[in-house]
Amino acid sequence: MPRAFITGITGQDGQHLAEFLHAKGYEVFGMVKGQNNPKFTAMRDEFPYVEPVPGDLADLPSLVKALDFAQPDEVYNLGAISFVALSFNQAELTANITGLGVLRMLEAVRMVGGAQHNPIRFYQASSSEMFGKVRETPQTERTPFHPRSPYGCAKVFGHDIVVNYRESYGLYACSGILFNHEGPRRGLEFVTRKVTNSVARIKLGLQQEIVMGDLEPQRDWGYAGDYVRAMWLMLQQDQPDDYVVATGETHSIRELLDRAFAEIGVDDWAPYVRQDPKFFRPAEVDLLIGDSSKARERLGWKPEVDFPALVKMMVAHDLEVEAARLNR
Ligand code: NAP
């Protein structure tokens, strides 16, 4: 039975990946931070097969102990301070966890190593936010980085140190440069889920309006369930490499509102949406659109859920969850 170790198990991607790897017959170990993590407690019933292992990306000895216990074949480093807005307020913490955390994880992998004939394979969750103020469109693996937030800067460090450890020490280490991916498990702080959850609450009479930031930024939005498949595929190749994972389509936040409100039968959403400067980023990323030709050709990967289906899925889920809460 192959063994996988996942950091960020309580996050959106960690949950999708645990489900995916379990279905593939993996023994799944999930790193859980804190002494009594309420997010992990909440997901225990849904993921009884995930073996929790304590650890924190700020604490190298804990990472070594965690890997020593799990003895994994594959490590997926998904843990991060992942919310761009928070990274502007807590830039040092973001640099420490999202940036230096990658270095610590790589060091732990080097120390624990795995069997000589079967060294640990490492996946790093890189991000399209590294492209920031984009230098070319669409963005590929060769597009230069120009991050626009402390989060983007920390991800660039993480990405570069993975390349460096691969070249310096021959580690089997890959970075997936994933464009935005969403789903019903997305945290409520992220714009897609904020919109779909608010739309569901407006429909049920639980909320009057949504307070938004800039509506013009455009993103290449895919479905998280599709994207974790690409992570796994990267670790099954003969040689480690980096791959862009994206749909190749871009949509504005305004279009996201159009689609989400259409799901509850509202064409003119202006009366329900108010903009507040406090939700504008100090430096915005205006347009992201990825070219995932390399992943499609070499990994045989392609997305299966398109943007309209994604929004539909998320609104339907939020209507169900909010209605159940209302009836409790
Ligand atoms: P997420 O839902 O925000 O999950 C982040 C995870 O990181 C949580 O499990 C969190 O644990 C964990 N974490 C935070 N601080 C930690 C620490 N000090 N030590 C160990 N773990 C820590 O993020 P996601 O959407 O699943 O994304 C997974 C990864 O992909 C992240 O690295 C993200 O930056 C990257 N990424 C995401 C996207 C996207 O669109 N979703 C796109 C590109 C890249 P707690 O729950 O205990 O706080």
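Small disclaimer: the values here were computed from a predicted structure and weren't measured.

> Hey, could you run me through the overall build of the chain in this one?
A count of helices and strands for the chain gives 11 helices and 15 strands. For 328 residues, the compact-globule estimate of 2.2 N^0.38 gives 20 Å, and the C-alpha radius of gyration of the chain, at 20 Å, lies within 12% of that figure. Residue burial in the chain is summarised as follows: out of 328 residues, 52% are buried. Summing over all exposed atoms, the chain offers an accessible surface of approximately 14,700 Å²; the carbon and sulfur share of this is 49%. Counting 35 positive and 44 negative side-chain charges, the chain places the centres of these two groups 2 Å from one another.

> So what exactly am I meant to see when it comes to the nonpolar core here?
Taken as a class, soluble globular proteins show a tendency for nonpolar side chains to be buried jointly. Membership of the largest hydrophobic core comes to 34 residues, with the highest contact counts inside it found for Ile6, Leu17, Leu21, Tyr76, Tyr123 and Met234. A total of seven residues in this core trace back to one element, the largest contributor, which is helix H8 (residues 224-234). Here Tyr123 is in contact with Val75, Tyr76, Asn77, Leu78, Cys174, Ser175, Gly176, Leu178, Met231, Met234 and Leu235, once residues within four sequence places are set aside. Leu67, Ile81, Val102 and Ile120 belong to the second largest nonpolar core, which has 25 residues in total.

> What is the right way to read the pairing of strand S1 (residues 3-7) from this model?
On a regular strand, one side chain projects to one face of the sheet and the next to the other, so that they alternate. Counting buried positions along S1 yields four of five residues, so the element is predominantly enclosed. For S1 and strand S2 (residues 27-32), the ladder comprises four bridges, and the chain directions are parallel. Bridge assignment links Ala4 to a residue of S2, and that residue is Val28. Read as a crossover between parallel neighbours, the route from S1 over helix H1 (residues 12-23) to S2 is right-handed. Bridge count between S1 and strand S4 (residues 74-77): four bridges; the pairing is parallel. Paired with Thr7 across the strands is Asn77, a residue of S4.

> Hey, could you run me through the domain arrangement of the chain in this one?
When the parts of a complex come together, some accessible area is lost, and that lost area is often taken as the interface size. Partitioning the chain into domains gives domain 1 (3-182 + 222-245) and domain 2 (191-219 + 249-288 + 306-326). Distance between the C-alpha centres of domain 1 and domain 2: 28 Å. At the interface, 15 residues of domain 1 touch 12 residues of domain 2. Counting across the domain 1 and domain 2 interface gives two salt bridges. Measuring nitrogen to oxygen at the nearest pair gives 3.9 Å for the salt bridge that ties Glu129 to Arg219. Seen at the junction of domain 1 and domain 2, the total is three residue pairs in polar contact (both at pLDDT 80 or more). Elements with a minimum of two residues in the side of domain 1 that touches domain 2: helix H4 (84-89) and strand S12 (222-223). Among the residues forming the side of domain 1 that touches domain 2, the class breakdown is six nonpolar, six polar and three charged.

Definitions and cut-offs
- Residues numbered from 1 in each chain as written.
- Predicted model: local features only at pLDDT ≥ 70, side-chain atom pairs only at ≥ 80, totals over all residues.
- Heavy atoms only, no water.
- Helix = DSSP H or I, 4+ residues; strand = E, 2+ residues; numbered from the N terminus.
- Rg over C-alpha atoms; globule rule 2.2 N^0.38 Å.
- Buried < 20%, exposed > 50% of the residue type's maximum accessible area, 1.4 Å probe, protein only.
- Areas by Shrake-Rupley, 256 points an atom, 1.4 Å probe, with all protein chains shown as cover.
- Lys, Arg positive; Asp, Glu negative; His and termini not counted.
- Charge placed at Lys NZ, Arg CZ, Asp CG, Glu CD.
- Core = buried A, V, L, I, M, F, W, Y, C linked by side-chain atoms within 4.5 Å.
- Contact = heavy atoms within 4.5 Å.
- Pairing = 2+ DSSP bridges.
- Right-handed = clockwise from strand over helix to strand, strands pointing away.
- Domains from an automatic or database assignment.
- Salt bridge = Lys/Arg side-chain N within 4 Å of Asp/Glu carboxyl O.
- Polar contact = N/O pair within 3.5 Å; in protein donor to acceptor, adjacent residues only side chain to side chain.
- Nonpolar A, V, L, I, M, F, W, Y, C, P; charged D, E, K, R; others polar.

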